[in-house]
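Observations on the model geometry
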Amino acid sequence: MTWVLTISGVILILVGLWDMFHSLLHPRGRGTLSHAVLQGVWALSRSLKHRFGSAAGPAGMVVVTILWVLLQVVGWALIYLPQVPSGFSYGPGVDPARYPDVMQALVVSAVTLSTLGFGDVVPIQPTLRMLAPVQALTGFALLTGALSWFTQAFPPLSRRRALAMDIDGLAEAEYCSVIDDLEPITVAQTLATLSSEVSKSVVDLVQHSESYYFLEVNPQTSLANQVGYLLRVREVSAASANASVRVASERLGSALEALSTELSQQFLSLEGSTEKVFRAYALDHGYHRNSDTAGV
């Protein structure tokens, strides 16, 4: 039984650390467990018609962090459990006979992981004395990683919001209707800038997949609501008589297709044209305007 508990604990610890690594350090920025939890919270928010606004993304990240903590606490507790109470020294006033062994193992694990170190229960078994500092270091890494995860989610959101506002400004100015009246070099530069920003959004979704689940309540700052207009910009600019504008239009089209591919494969589980994917993207975030502005 001791080996069964120990192996089970090690598996839980490694599963948690593996998911943390893939979420925080891997280039894809997507752990299996964390992504499943974020999808579940997002599905719940969508079923409630996003009644709680932008809370889905942060709430999902909090749930993922709690899951990581629980995996570490329970995993280490399973390792400690066979050694309770004989492997520990108890301070004055602490009678181990008053508490279930499972509860003691969980308390020791939680206190060690949080690096609180109350000192009322101390491991005396040699192996446990070596393992306790390792768990404390794991807890410190978990806390640091979780805080970094939250802070690194906001730069991608800022870039995405800025792009959405730029697109909204173009739509409000009826940019598509005046492209032929503008200087070709100006149009080409605008399209190049848009292509670059769309590409950055693709990279952000790859490296910070959690950013997809942050709902924008303001339609002006929602890329899901605004990106469809770029399909019209690409269509109109592709018909330009100027070669530079046509080349820039192709670049924009490639960036939009890359965004569509990332959305369809990683978040929407949807096959179809770029227009169809962008429509689904808008609907998934509670918007319908994208379908109209994209002309589909």
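Right, let's walk through the structure included here. Residue positions are given per chain, counted from 1 along the sequence in the order it is written. It should be noted that, the model being predicted, local features are given only for residues of pLDDT at least 70 and side-chain atom pairs only at 80 or more, the latter also being counted only at that level, while totals for whole chains, interfaces and linings use all residues. The basis for every side-chain value is the complete set of non-hydrogen atoms in the structure, without hydrogens or water.

1. Focus: the overall build of the chain
Only DSSP runs of H or I with at least four residues qualify as helices, and only runs of E with at least two residues qualify as strands; both kinds are numbered from the N terminus onward. Helix and strand counts for the chain stand at 13 helices and 2 strands. With the C-alpha coordinates aligned to their principal axes, the bounding extent of the chain is approximately 85 × 35 × 30 Å. The buried label goes to any residue with under 20% of its type's maximum accessible area, the exposed label to any with over 50%, and the partly exposed label to all in between, with areas taken from a 1.4 Å probe on protein chains only. When each of the 296 residues of the chain is scored for burial, the buried share is 45%. Carbon and sulfur atoms provide 64% of the accessible area of the chain, an area that totals close to 14700 Å². Treating the 18 positive side-chain charges of the chain as one cloud and the 23 negative ones as another, the clouds have centres 4 Å apart. Accessibility throughout is a Shrake-Rupley quantity obtained with a 1.4 Å probe, and a residue counts as covered only by protein chains that appear here. We count Lys and Arg on the positive side and Asp and Glu on the negative side, and we leave His and both chain ends out. By convention, the charge on Lys lies at NZ, on Arg at CZ, on Asp at CG and on Glu at CD.

2. Describing the layout of surface pockets
In this approach the atoms are scanned with a rolling probe the size of a water molecule, which exposes any empty space left behind. Grid spacing is 1 Å over the protein atoms alone, the probe is 1.4 Å, and a cavity is where that probe fits but cannot get out, while a pocket is an open set with protein on both sides within 12 Å along at least five of seven lines and lining residues have an atom within 4 Å of a point. Grid points are joined across faces, edges and corners, and a volume is the space filled by probe spheres set on the points. Considered as a void within the structure, the largest pocket measures approximately 370 Å³ in volume. Around the largest pocket, the lining is made up of 19 residues, and of these Val-107, Val-108, Val-111, Asp-120 and Val-121 lie nearest the centre. Looking at the lining of the largest pocket, the elements that each hand over two or more residues are helix H4 (101–113), strand E2 (121–123) and helix H5 (126–152). Looking at the lining of the largest pocket, the element that brings in the most residues is H4, giving 6 residues.

3. Brief notes about the pattern of salt bridges
Criterion for a salt bridge: a side-chain nitrogen of Lys or Arg within 4 Å of a carboxyl oxygen of Asp or Glu. According to the stated counting rule, one finds 6 salt bridges in the structure shown. The shortest N-O distance in the salt bridge between Arg-159 and Asp-204 comes to 2.8 Å. Taken together, the residues Arg-159 in helix H6 (residues 154–172) and Asp-204 in helix H8 (residues 184–207) connect sequence positions 45 residues apart. Relative accessible area serves as the criterion here: at 7%, Asp-204 is assigned to the buried category. With its nearest N and O atoms 3.8 Å apart, the salt bridge here joins Glu-216 to Arg-160. Of the two residues, Glu-216 sits in the loop between H8 and helix H9 (223–226) while Arg-160 sits in helix H6, which places them 56 residues apart along the sequence. Of the two residues, Glu-216 and Arg-160, both sit in the buried class. Look at the salt bridges and you will find they share partners, linking Arg-160, Arg-161 and Glu-216 into a network.

4. Structural notes on a nonpolar patch on the surface
A patch consists of residues exposed above 30% relative accessible area that lack any salt bridge, with like charges linked at up to 9 Å and nonpolar side chains (Val, Leu, Ile, Met, Phe, Trp, Tyr) linked at up to 5 Å. Together, Trp-3, Ile-7, Ile-11, Val-15 and Leu-33 make up an exposed nonpolar region whose accessible area comes to about 500 Å². Note that Val-15 resides in helix H1 (residues 2–24). Overall, Val-15 belongs to the partly exposed group, its relative accessible area being 36%.

5. What about the packing of aromatic side chains?
When we look at a pair of aromatic rings, we describe it by the centre distance and by the angle of the planes. Ring pairs are drawn from Phe, Tyr and Trp, using the six-membered ring of Trp, whenever the two centres fall within 6.5 Å, and their geometry is named by plane angle: stacked under 30 degrees, edge-to-face over 60, tilted for the rest. Inspection of the entire model under this criterion finds 12 aromatic pairs. Ring centres of Trp-42 and Tyr-213 lie 5.8 Å apart, and the angle between their planes is 65 degrees; this geometry places the pair in the edge-to-face category. Of the two residues, Trp-42 is situated in helix H2 (residues 32–47) and Tyr-213 in the loop between H8 and H9; the sequence distance between them amounts to 171 residues. Between Tyr-80 and Phe-88 the ring centres are 6.0 Å apart and the planes differ by 90 degrees, which places this aromatic pair in the edge-to-face class. Note on Phe-88: relative accessible area 5%, which makes it buried. The rings of Trp-42, Tyr-212, Tyr-213, Phe-267 and Tyr-281 are connected pair by pair, giving a single aromatic cluster.

6. Details of the packing of H2 against helix H3 (residues 56–80)
With axes taken as lines fitted to C-alpha atoms, and helix axes fitted only over the stretch in contact, angles between N-to-C directions fall between 0 and 180 degrees. Between H2 and H3, the shortest axis-to-axis distance is 9 Å and the interhelical angle comes to 140 degrees. Compared by their axis directions, H2 and H3 come out oblique. In terms of crossing hand, the pair formed by H2 and H3 is right-handed. When H2 is examined against H3, the residues Leu-33, Ser-34, Val-37, Leu-38, Val-41, Trp-42 and Ser-45 are found in contact with a partner set consisting of Ala-56, Gly-57, Ala-59, Gly-60, Met-61, Val-63, Val-64, Leu-67, Trp-68 and Leu-71. Gly counts as polar in this scheme, as do all residues outside two lists: the nonpolar Ala, Val, Leu, Ile, Met, Phe, Trp, Tyr, Cys and Pro, and the charged Asp, Glu, Lys and Arg. Classifying every residue of the contact of H2 with H3 by side-chain character gives 13 nonpolar, 4 polar and no charged. The scheme is simple: roughly parallel for angles under 35 degrees, roughly antiparallel for over 145, roughly perpendicular for 65 to 115, oblique for anything else. For any pair of crossing helices, the crossing counts as left-handed if the nearer helix is rotated counterclockwise from the farther one by less than a right angle, and right-handed if it is rotated clockwise. In this description, contact between two residues means that some pair of their heavy atoms is separated by no more than 4.5 Å.

7. Observations concerning the side chain of Gln-104
For Gln-104, the location among the structural elements is in helix H4. Once residues lying within four places of it in the same chain are set aside, the contact partners of Gln-104 are Val-84, Tyr-90, Pro-96 and Tyr-99.

8. Overview of the side chain of Ser-260
With respect to the helices and strands, Ser-260 occurs in helix H11 (residues 243–268). In contact with Ser-260, not counting residues within four places along its chain, are Ser-273, Thr-274, Val-277 and Phe-278.

9. Things to note about unusual backbone geometry
Omega for the peptide link from Val-84 to Pro-85 comes to 0 degrees, which places this bond in the cis form. With respect to the helices and strands, the residue Pro-85 is situated in the loop between H3 and strand E1 (88–90). One non-glycine residue with positive phi stands out, namely Lys-49, at about 60 degrees. Along the chain, Lys-49 turns up in the loop between H2 and H3. For Lys-49, a relative accessible area of 74% gives the class exposed. Look at Ser-269: it is not a glycine, yet its phi comes out positive at around 50 degrees. Position of Ser-269 relative to the elements: it lies in the loop between H11 and helix H12 (274–284).

Structural measurements only, silent on function.
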